[in-house]
Amino acid sequence: MSFQEIINAETPVLVDFYATWCGPCKVQAPILEDLSKRVGDQARILKIDVDKNPAVANKYGIQGVPTLMIFKQGKVVWRQSGVMQSNQLQKVLQQFV
């Protein structure tokens, strides 16, 4: 399944744009794992390595990592850069479920 097919889904998709060399991204990773367990199949969580996927990063103007974005039916409905805690992200995601 392509990135475009995934974000076009009815289910909201939280995308974490990250880089392997990024310290804050390493902090964000276990937070997203926890969030994934909390939201189950209400939302999908996807990680995109900006170094391996520069075209996608450029398309969405990713300049800093981590950048978190929520897509619903192919549209960006929310975006924020920096590390966010699981409970904050869960509240944001609930708005789009």
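Residues numbered from 1 in each chain as written. Predicted model: local features only at pLDDT ≥ 70, side-chain atom pairs only at ≥ 80, totals over all residues. Heavy atoms only, no water.

Caption draft 1: Focus on the pairing of strand β4 (residues 75-81). By the bridge criterion, six bridges tie strand β3 (residues 67-72) to β4 in an arrangement that is antiparallel. Paired with Thr67 across the bridge in β4 is Ser81. Linking two consecutive strands that pair antiparallel, namely β3 and β4, is a turn of two residues; a positive phi of about 50° is found at Gln73 within it. (Pairing = 2+ DSSP bridges. Helix = DSSP H or I, 4+ residues; strand = E, 2+ residues; numbered from the N terminus.)

Caption draft 2: Layout of the state of the cysteines. Considering all chains together, one arrives at one disulfide under this definition. Residue Cys22 pairs covalently with Cys25 via a disulfide, S to S 2.3 Å. Taking the sign of the torsion about the S-S bond as the criterion, the disulfide between Cys22 and Cys25, at about 85°, is right-handed. The buried category is assigned to Cys22, whose relative accessible area is 3%. Judged by relative accessible area, Cys25 falls into the buried class, the value being 4%. (Disulfide = S-S within 2.5 Å. Buried < 20%, exposed > 50% of the residue type's maximum accessible area, 1.4 Å probe, protein only.)

Caption draft 3: Highlighting the environment of Asp41. Mapped onto the secondary structure, Asp41 falls in the loop between α2 (23-39) and β2 (44-49). The class for Asp41 is exposed, based on a relative accessible area of 72%.

Caption draft 4: Inspection of the sheet that holds strand β1 (residues 13-18) at higher detail. What the four strands build is an open sheet, ordered β2-β1-β3-β4; its pairing is mixed. The open sheet is flanked by β2 and β4, the only strands paired with a single partner. Going across the sheet, the axis of each strand differs from the next one's by a mean of 20°, ignoring polarity. Against the sheet, helix α4 (residues 86-94) makes contact with β1, β3 and β4, and its axis sits at roughly 25° relative to β3, the strand it touches most. (Axes fitted to C-alpha atoms, helices over the stretch in contact; angles between N-to-C directions. Contact = heavy atoms within 4.5 Å.)

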